[in-house]
Amino acid sequence: VRTVTGTIFLGVMVAAAGLAGATDEDNRLASEAVLQEILRLALARNPELAESRLRSDAAKVGSRAAGRLPDPELKYEQWGVPLSRPLALDRADTLMLGARQSFPAWGSRAARTRLAEEEAGAFGDTERSRRLTVVAEVKRAYTQYARTDQELRLHREHVALTARLVELARLNYQTGHGTQQDVLRLGLELSRLHADLARIGQEKRSAQVMLNALMNRAPQALLGPAPDLTPPPLPETPAALEKDLDDSRPEIGNARRAIRVSDAAVDLAARNARFPTVMVGVDYWYMPLSHDVRHGYGAMVSMSLPWFGSRRRIEVEQAEQSRRADERALDAVRNAARAELYGAAAQTDGARDTFAIIDRD
């Protein structure tokens, strides 16, 4: 008992020393662990959420470059330089300096932009999904913290009452009004309560560590007692909630976005198969050995021939197959979400019935 008491005293002293540099928010949580305050801090401080937000912002910035023209090219050529004098450029037939610019297939830039924007939006869906996950994790951990906090209070009262009963049983036994079996039975009950206290205390510490991790605080940062929880209002029927399933579940939104990404990929592949890529260029020519014309220019136009090969058609077919796979993936995600919804509703009904039986009977 002295060892445990000393450890608790040392922990309290270390925590109190840490409060000197704590913020007002930390001080409020140390006095009372309020769910809304914990949720606010978790959403503001959680590093995984911050990572998701930054990746979403980076993807949005990157999508702006998808539809831009390729970089122009600068080229230099020299013709007819004698091998015996490789650095004598004044003996070359022609020196050329030119520029080139490629133009992708007609409409492919818009399709590529749409594809990049939808892919960037997927990072936003991931951020929203992670945000909902953090909220759910906070509520689960907080529920465990509040439950164990209340259980500890009740068990401490129970331990105090049982300890008094043990003393009374000893007095009765000493005065001949009780049996040794009564003393042993109550002593065993007191030992069981102490074991329960240790178990519940461990559960409370685990919940505290989880809440602090979600808020990006030190694992042993203080959390005060949890106020009494008010039961939330009963949810609507599963059939009523199912109507909003597509909008409320990020994974469904992400699966729908995957179809839009595939649509853009199909459009891009089709345009690359239907229209050529064109390159235009212009050159300045300098001919040092010419006696008539030393300065001239050249122009060029080149284009791809996507109609005479099968590669582009295969890419279109591949994109179409991927789109059909994404449609099936959307159906699978919807079915899984619907199953989770009705399963959660069944668990809620079962918990409500169990509570009614315990509360009434």
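Rules and cut-offs
Within any chain, residue numbers begin from 1 and follow the written order of that chain's sequence. Two thresholds apply to this predicted model, a pLDDT of at least 70 for residue-level local features and 80 or more for giving and counting side-chain atom pairs, whereas whole-chain, interface and lining totals are computed over all residues. Calculated side-chain values reflect all of the structure's heavy atoms, with hydrogen atoms and water omitted. The helix and strand labels rest on DSSP assignments: H or I over at least four residues marks a helix, E over at least two residues marks a strand, and numbering proceeds from the N terminus. Using a 1.4 Å probe on the protein chains alone, a residue whose accessible area is under 20% of its type maximum counts as buried, one over 50% counts as exposed, and one in between counts as partly exposed. For accessible areas, the Shrake-Rupley method is used with a probe of radius 1.4 Å. Any residue's cover is judged against the shown protein chains and nothing else. Note that His is not counted, nor are the chain ends; the positive residues are Lys and Arg, and the negative ones are Asp and Glu. For the purpose of locating charges, the reference atoms are NZ of Lys, CZ of Arg, CG of Asp and CD of Glu. Between any two strands, at least two bridges found by DSSP are needed for them to pair. In this analysis, axes come from line fits to C-alpha atoms, helices being fitted only over the stretch in contact, and the angle between any two N-to-C directions falls in the range 0 to 180 degrees. In this analysis a 1.4 Å probe is tested at points of a 1 Å grid over the protein atoms alone, and where it fits but cannot get out there is a cavity; an open set with protein on both sides within 12 Å along at least five of seven lines is a pocket; lining residues have an atom within 4 Å of a point. Grid points are joined across faces, edges and corners, and a volume is the space filled by probe spheres set on the points. Note on residue classes: Ala, Val, Leu, Ile, Met, Phe, Trp, Tyr, Cys and Pro are nonpolar, Asp, Glu, Lys and Arg are charged, and everything else, Gly too, is polar. Any Lys or Arg side-chain nitrogen found within 4 Å of a carboxyl oxygen on Asp or Glu counts as a salt bridge. In this scheme the handedness of a crossing depends on how the near helix is turned from the far one: anticlockwise by less than a right angle means left-handed, clockwise means right-handed. In this analysis, two residues are considered to be in contact whenever any of their non-hydrogen atoms come within 4.5 Å of each other. Here the nonpolar core consists of buried residues drawn from Ala, Val, Leu, Ile, Met, Phe, Trp, Tyr and Cys, with membership extended through side-chain atoms lying within 4.5 Å. Only centres within 6.5 Å qualify two rings of Phe, Tyr or Trp (six-membered ring in Trp) as a pair; their planes then separate them into stacked at under 30 degrees, edge-to-face at over 60, and tilted for everything else. Here roughly perpendicular refers to angles of 65 to 115 degrees, roughly parallel to angles under 35, roughly antiparallel to angles over 145, and oblique to all remaining angles. pLDDT expresses how confident the predictor is about each individual residue, on a scale running from 0 to 100. Expected span, for any helix, means 1.5 Å times one less than how many residues it has.

1. A closer look at the overall build of the chain
And then number 1: Secondary structure summary: the chain contains 10 helices and four strands in total.
And then number 2: The order of α-helices and β-strands along the chain, N terminus first, is α-α-α-α-β-β-α-α-α-α-α-β-β-α.
And then number 3: A principal-axis box enclosing the C-alpha atoms of the chain has dimensions of 135 × 50 × 35 Å.
And then number 4: Taking all 361 residues of the chain together, 29% fall into the buried category.
And then number 5: Accessible surface, the chain as shown: approximately 23500 Å² in total, 59% of it carbon and sulfur.
And then number 6: When the 50 basic and 49 acidic side-chain charges of the chain are each reduced to a single mean position, those positions are 3 Å apart.

2. Focus: the sheet that holds strand β4 (residues 295-303)
And then number 1: Pairing is antiparallel in the open sheet, where four strands are placed in the order β1-β2-β3-β4. Strand pairing shows two members of the sheet lacking a second neighbour, β1 (73-79) and β4, which therefore form its edges. Adjacent strand axes in the sheet meet at a mean angle of 20°, parallel and antiparallel pairs treated alike.
And then number 2: Alignment of strand β3 (residues 278-286) against β4, held across nine bridges, turns out to be antiparallel. Counterpart to G281 in the pairing with β4 is M300.

3. What about the layout of surface pockets?
Any space left empty among the atoms is revealed by the rolling of a water-sized probe across them.
And then number 1: As a volume, the largest pocket reaches approximately 1800 Å³.
And then number 2: Taken together, 43 residues line the largest pocket, and the ones lying closest to its centre are K139, T143, P232, P233 and T348.
And then number 3: Those elements that place two or more of their residues in the lining of the largest pocket are α3 (35-45), α5 (108-174), α7 (238-242), α9 (250-274) and α10 (311-360).
And then number 4: Considering every element that reaches the lining of the largest pocket, the biggest residue donor is α5, with 14 residues.
And then number 5: When its residues are assigned to classes, the lining of the largest pocket shows 22 nonpolar, 10 polar and 11 charged.

4. A closer look at the pattern of salt bridges
And then number 1: Counted under the stated rule, the structure contains 34 salt bridges.
And then number 2: A salt bridge links E77 to K75; its shortest N-O distance comes to 2.4 Å.
And then number 3: For E77, a relative accessible area of 28% gives the class partly exposed.
And then number 4: In this structure K75 comes out as buried when scored by relative accessible area, which is 17%.

5. Brief notes about the packing of helix α2 (residues 24-31) against α3
And then number 1: Axis separation between α2 and α3 bottoms out at 11 Å; the angle between their running directions is 145°. Seen from above, α2 lies across α3 with left-handed handedness. Along the contact surface, α2 presents E25, D26, R28 and L29, while α3 presents E37, I38, R40, L41 and R45.
And then number 2: Residues of the contact of α2 with α3, tallied by class, amount to three nonpolar, no polar and six charged.

6. Notes on the environment of R256
And then number 1: Note on placement: R256 falls in helix α9.
And then number 2: Every residue in contact with R256, bar those within four places of it in the chain, is listed here: D246, D247, L330 and R334.

7. Some thoughts on the nonpolar core
Side chains of a nonpolar character, in soluble globular proteins, are inclined to be buried together.
And then number 1: One finds I38, V138, Y142, Y145, L211, M215 and L223 to be the most contacted residues of the largest nonpolar core, which totals 20 residues.
And then number 2: Secondary-structure elements contributing two or more residues to this core are α3, α5 and α6 (180-214).
And then number 3: Looking at which element gives the most residues to this core, the answer is α5, with six residues.
And then number 4: Counting nine residues, the second largest nonpolar core, distinct from the first, contains A169, L186, L197 and I200.

8. A short note on the packing of aromatic side chains
And then number 1: All chains considered together, the criterion is met by three aromatic pairs.
And then number 2: Between W307 and F308, the aromatic rings sit 6.4 Å apart at their centres with planes inclined by 85°, giving edge-to-face as the arrangement.
And then number 3: Classification of W307 as partly exposed rests on a relative accessible area of 41%.

9. Regarding the packing of α9 against α10
And then number 1: Running from N to C, α9 and α10 point in directions that differ by 170°, and their axes come no closer than 9 Å. Taken as axis vectors, α9 and α10 run roughly antiparallel relative to one another.
And then number 2: Here the contact of α9 with α10 is built from residues that sort into 14 nonpolar, three polar and 10 charged.

10. A short note on the pairing of β3
And then number 1: Both strand β2 (residues 94-103) and β3 contribute to a ladder of nine bridges, which runs antiparallel. Residue pairing across strands places A99 opposite V282, the latter belonging to β3.

11. Overview of the confidence of the model for the chain
And then number 1: When the pLDDT values of the chain are averaged, the result is 85; 93% of them are 70 or greater.
And then number 2: Across residues 1-21, confidence stays below pLDDT 50; counting only partners more than four residues off in sequence or on other chains, it has four contacts.

12. Some thoughts on the environment of A332
And then number 1: Turning to its location among the elements, A332 is positioned in helix α10.
And then number 2: Spatially, the C-alpha atoms of A332 and N272 are 32 Å apart, while their sequence positions differ by 60 residues.

13. Quick look at α10
And then number 1: Here α10 is 50 residues long and its end C-alpha atoms lie 73 Å apart, about the 74 Å a rise of 1.5 Å per residue gives.
And then number 2: Among the residues of α10, those classed as buried are V316, A319, D326, L330, A337, L341 and A345.
And then number 3: Each element contacted by the buried residues of α10 is listed here: α7, α8 (245-248) and α9.

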